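Take a look at the letters that make up each chain.
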Amino acid sequence: QSALTQPASVSGSPGQSITISCSGSRSDVGTYDYVSWYQQHPGKAPKLIIYDVSNRPSGVSNRFSGSKSGNMASLTISGLQTEDEADYYCSSYTSSNTYVFGSGTKVTVL
Amino acid sequence: EVQLVESGGVVVQPGGSLRLSCAASGFTFDDYAMHWVRQAPGKGLEWVSLITWDGIRTYYADSVKGRFTISRDSRKNSLYLQLHSLRTEDTALYYCVKSSDNYCMDVWGKGTTVTVSS
């Protein structure tokens, strides 16, 4: 149950697009389309922003989009805004009927 | 409003035990699986455990298997996590989380803090 691999940090200027990668294995990301993404601001609980690889819950901005290819999932934030500065975590269902989170990525808006 | 409120977090010595509780409201508790997720100070999220909607099946992270037990009480709309043989590395903020219909975690509580220290 090793954590999924994410870059420690990603940064961008307001209005730019950034992409966060999430690398897993055939036991999780590569087999199941049950990849989700969570946004966490400092001192707050995580918030679901993407589920089933590319679906957005009601109320989540369409600036957030998700995709997957093989064992790698990605989250793209377009039109970067200051309020997007937060930590982001991917998560996947696994072949052991468990879940695994990514190592987390700190997004900085320059 | 869907709400999850955790309680029970305390300071406990290594080797000790405690029980965390989570009170659920605003949704039909019996219809959904529930998770516990933890976050050590300054660290990332770690999935801990899952219990199915009917309480029949339970699953655990390797790091807590054999030491933690998840359970639920539909009469009280509550989720529990029993923690035994606590280690310093179990120190974390423990979140109660509702599972969606789509294999994701769609509602999170604010968490309760467990500190394992002598």
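Structure: see above.
Everything numeric here is computed off the predicted structure, so don't read it as measured data.

Colleague: Got a minute to help me understand the overall build of chain A in this structure?
Modeller: Helix and strand counts for chain A come out as zero helices and nine strands. Secondary structure elements of chain A occur, N-terminal to C-terminal, as β-β-β-β-β-β-β-β-β. Its C-alpha atoms give chain A a radius of gyration of 13 Å, within 12% of the compact-globule value 13 Å for 110 residues. Dimensions of chain A, computed from the C-alpha atoms along their principal axes, are close to 40 × 25 × 25 Å. Taken across its 110 residues, chain A has 45% of its residues classed as buried. One way to put it: in chain A the 7 positive side-chain charges average out to a point 1 Å from where the 7 negative ones average out.

Colleague: Help me understand the environment of Thr94(A), please; the structure alone is not making it clear to me.
Modeller: Residue and element names in this part refer to chain A. Its location among the elements puts Thr-94 in the loop between β7 (86-93) and β8 (99-101). When the C-alpha positions of Thr-94 and Asp-52 are compared, they lie 13 Å apart, and in sequence the two are 42 residues distant. Sequence-distant contacts of Thr-94, defined by excluding residues within four places in its chain, comprise Ser-27, Asp-28, Tyr-32, Tyr-99 and Val-100. A distance of 2.8 Å separates a polar atom in the side chain of Thr-94 from a polar atom in the side chain of Thr-98.

Colleague: How should I be thinking about the sheet that holds strand β6 (residues 72-77) of chain A in this particular structure?
Modeller: Adjacent strands of a sheet form backbone hydrogen bonds with each other and so pair up, either parallel or antiparallel. All names here are of chain A. Sheet architecture is open: three strands sit in the order β2-β6-β5, paired in antiparallel fashion. Across the chains shown, the open sheet's two edge strands, defined by having one partner strand only, are β2 (18-23) and β5 (64-69). On average, each strand axis in the sheet is inclined to that of its neighbour by 20°, with strand direction left out of account. Alignment of β5 against β6, held across six bridges, turns out to be antiparallel. Directly across from Ser-67, in β6, lies its bridge partner Ser-74.

Parameters at a glance
- Residues numbered from 1 in each chain as written.
- Chains lettered and ligands numbered in written order.
- Predicted model: local features only at pLDDT ≥ 70, side-chain atom pairs only at ≥ 80, totals over all residues.
- Heavy atoms only, no water.
- Helix = DSSP H or I, 4+ residues; strand = E, 2+ residues; numbered from the N terminus.
- Rg over C-alpha atoms; globule rule 2.2 N^0.38 Å.
- Buried < 20%, exposed > 50% of the residue type's maximum accessible area, 1.4 Å probe, protein only.
- Lys, Arg positive; Asp, Glu negative; His and termini not counted.
- Charge placed at Lys NZ, Arg CZ, Asp CG, Glu CD.
- Contact = heavy atoms within 4.5 Å.
- Polar contact = N/O pair within 3.5 Å; in protein donor to acceptor, adjacent residues only side chain to side chain.
- Pairing = 2+ DSSP bridges.
- Axes fitted to C-alpha atoms, helices over the stretch in contact; angles between N-to-C directions.

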